[in-house]
Amino acid sequence: MIMVLPFVTGAIAAWLGMRGKRSACLFAWFITFVIFIAWCAYHMTDPLTLSL
Amino acid sequence: MNAYKTSAAFTWPRFLNTLGLAGISATLLFAFVWQFMFNELPCPLCLLQRVALVMVGIGFLLNVRFGSAPSHYGLIILSALGGAVAAGRQTLLHMAPNDMGYGSPFLGLHFYTWAFIVFVLVIAACAVLLVIDRAQSMLSNSAMPNLFARLVMWLFVLLVIGNVVSTAVECGFGACPDNPTQYLWLKH
């Protein structure tokens, strides 16, 4: 899991948004979101030490 | 896009979204200050919460840059939900007896708990903005935001780039350890 990757795509999205490229920004945001979900699945699947 | 054109560069929703973006930037800045002042390295879950903050900020930035639109609010809410899940998960992770939590607390709460509160507040703010934002229409690209809004957007972009550099120095081009103690690229 490349931890820096969602920050890179997020930075690209923010930059594209600043430059007025809305569609490209939305696409980059979506890529960031997909990576975020994937990284969450990787880092958040250990069992918790409490009973819910 | 012409169908969406309005004449005013200043609108209350745009101003309130600028404040939202300023709040997200302030949160990212504060996390940075804490990281470097106390040499507390963010863990993978902490970094994921920062990613969610960045995604929330992108939604606010779109509202500021292009005018408010339901799709932009959708991005913000989805991002805040993701962030709340990550922050909630980390809160539950450290809820066990004799667990002192990760990092030092601020005003009695750890940063992941604060992050959870921030994400819930963002969702609430979006709900309010959707109620008061009657226009629900995008401004044309030519209606540039005012100087304050442009400065806030630049600050946000710089903070996101700062996070890219900081995360790369901490984790390199791989996964971060669960309890990082030193920056990978600064190891002797």
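Note that this is a predicted model, so its numbers are computed, not measured.

Enquirer: Would you explain the state of the cysteines in this entry?
Expert: Here, the word disulfide means a covalent bond between the sulfur atoms of two cysteines. Residues and elements named next belong to chain B. Counted by the stated rule, this structure contains two disulfides over all chains. The side chain of C43 participates in a disulfide bridge whose partner is C46; the two sulfur atoms lie 2.4 Å from each other. A torsion of 80° about the S-S bond marks the disulfide between C43 and C46 as right-handed. The two residues C43 and C46 agree in class, both being buried. Shown here is the disulfide that connects C171 with C176, its sulfur atoms set 1.6 Å apart. Between C171 and C176 the sulfur-sulfur dihedral comes to about -50°; the bridge is accordingly left-handed.

Enquirer: Help me understand helix α2 (residues 22–43) of chain A, please; the structure alone is not making it clear to me.
Expert: The α-helix advances 3.6 residues per turn, and as a result positions three or four apart in sequence lie on the same side. An ideal rise of 1.5 Å per residue puts 32 Å on 22 residues; α2(A) measures up with 31 Å between its terminal C-alpha atoms. Of all the residues in α2(A), the buried ones are A:R22, A:C25, A:A28, A:W29, A:T32, A:F33, A:I35, A:F36, A:W39, A:C40 and A:H43. For α2(A), the secondary structure elements touched by its buried residues are α1 (5–18) of chain A together with α2 (44–66) and α3 (70–93) of chain B.

Enquirer: How do you make sense of the packing of aromatic side chains when you look at a structure like this?
Expert: How two aromatic rings sit relative to each other is given by the distance of their centres and the angle of their planes. Residue and element names in this part refer to chain B. Evaluation of the coordinates by the stated rule reveals 13 aromatic pairs over all chains. On the numbers, 5.9 Å between centres and 35° between planes, the contact of F30 with F111 is tilted. Here F30 is found in helix α1 (residues 12–37), whereas its partner F111 is found in helix α4 (residues 111–132), with 81 residues between them in sequence. Exposure remark for F30: the relative accessible area of 32% places this residue in the partly exposed category. Between the aromatic rings of W34 and F106, the centroid separation amounts to 5.7 Å while the plane-to-plane angle is 75°, which identifies the pairing as edge-to-face. You can see W34 sitting in helix α1 and its partner F106 sitting in the loop between α3 and α4, a full 72 residues away along the chain. A relative accessible area of 14% places W34 in the buried class. Accessibility expressed as a relative area gives 26% for F106, which makes it partly exposed. Three or more aromatic residues link up through ring pairs in this structure, and these residues are F30, W34, F38, F106, F111 and W114. The residue whose ring lies beneath R50 is F32, and the NZ or CZ to ring-centre distance is 5.6 Å. Lying across the ring of F66, R65 places its NZ or CZ 5.3 Å from the centre.

Enquirer: Could you clarify how one ought to interpret the packing of α2(A) against α2(B) in this entry?
Expert: Helices that pack against each other are described as a pair by the angle of their axes relative to one another and the distance between those axes. Running from N to C, α2(A) and α2(B) point in directions that differ by 160°, and their axes come no closer than 10 Å. Of the possible angle classes, the one that applies to α2(A) and α2(B) is roughly antiparallel. For α2(A) against α2(B), the interelement crossing comes out left-handed. Mapping the contact onto sequence places A:R22, A:C25, A:L26, A:W29, A:T32, A:F33, A:F36, A:W39, A:C40 and A:H43 in α2(A) and B:P44, B:L45, B:L48, B:V51, B:A52, B:M55, B:I58, B:L62 and B:F66 in α2(B). Split into classes, the residues belonging to the contact of α2(A) with α2(B) amount to 16 nonpolar, two polar and one charged.

Enquirer: Would you take a moment to explain the interface of chain B and chain A for this structure?
Expert: Quoted interface sizes are often the accessible area lost when the parts come together. In this complex, chain B contributes 45 residues to the contact, which on the side of chain A involves 34 residues. Buried surface at the junction of chain B and chain A, both sides included, amounts to about 3,400 Å², of which 81% is carbon and sulfur. For chain B, the biggest contributors to the area lost against chain A are B:L48, B:M55 and B:R89; these three give 18% of the whole. Inspection of the chain B/chain A interface yields zero salt bridges. Summed over the shared surface of chain B and chain A, the number is eight residue pairs in polar contact (both at pLDDT 80 or more). Contributions of two or more residues to the side of chain B that touches chain A are made by α2, α3 and α5 (147–171) of chain B. Here the element with the most residues in the side of chain B that touches chain A is α2(B); it accounts for 14 residues.

Enquirer: I would appreciate a short explanation of the nonpolar core in the present structure.
Expert: Within soluble globular proteins, side chains that are nonpolar generally end up buried alongside one another. One finds A:F36, B:I24, B:V56, B:I58, B:F60, B:F119 and B:F156 to be the most contacted residues of the largest nonpolar core, which totals 63 residues. At the level of elements, α1 and α2 of chain A together with α1, α2, α3, α4 and α5 of chain B are the ones that each hand at least two residues to this core. The leading source of residues in this core is α2(B), at 16 residues. Beyond its immediate stretch of four places on either side in the chain, B:I24 contacts B:L53, B:V56, B:G57, B:F60, B:V122 and B:F156.

Conventions we followed
- Residues numbered from 1 in each chain as written.
- Chains lettered and ligands numbered in written order.
- Predicted model: local features only at pLDDT ≥ 70, side-chain atom pairs only at ≥ 80, totals over all residues.
- Heavy atoms only, no water.
- Disulfide = S-S within 2.5 Å.
- Buried < 20%, exposed > 50% of the residue type's maximum accessible area, 1.4 Å probe, protein only.
- Helix = DSSP H or I, 4+ residues; strand = E, 2+ residues; numbered from the N terminus.
- Expected span 1.5 Å × (residues − 1).
- Contact = heavy atoms within 4.5 Å.
- Phe/Tyr/Trp six-rings, centres within 6.5 Å; stacked < 30°, edge-to-face > 60°.
- Lys NZ or Arg CZ within 6 Å of the ring centre and 35° of its normal.
- Axes fitted to C-alpha atoms, helices over the stretch in contact; angles between N-to-C directions.
- Parallel < 35°, antiparallel > 145°, perpendicular 65-115°, else oblique.
- Left-handed = near helix turned anticlockwise from the far one by under 90°.
- Nonpolar A, V, L, I, M, F, W, Y, C, P; charged D, E, K, R; others polar.
- Buried area = accessible area lost by both parts, 1.4 Å probe.
- Salt bridge = Lys/Arg side-chain N within 4 Å of Asp/Glu carboxyl O.
- Polar contact = N/O pair within 3.5 Å; in protein donor to acceptor, adjacent residues only side chain to side chain.
- Core = buried A, V, L, I, M, F, W, Y, C linked by side-chain atoms within 4.5 Å.

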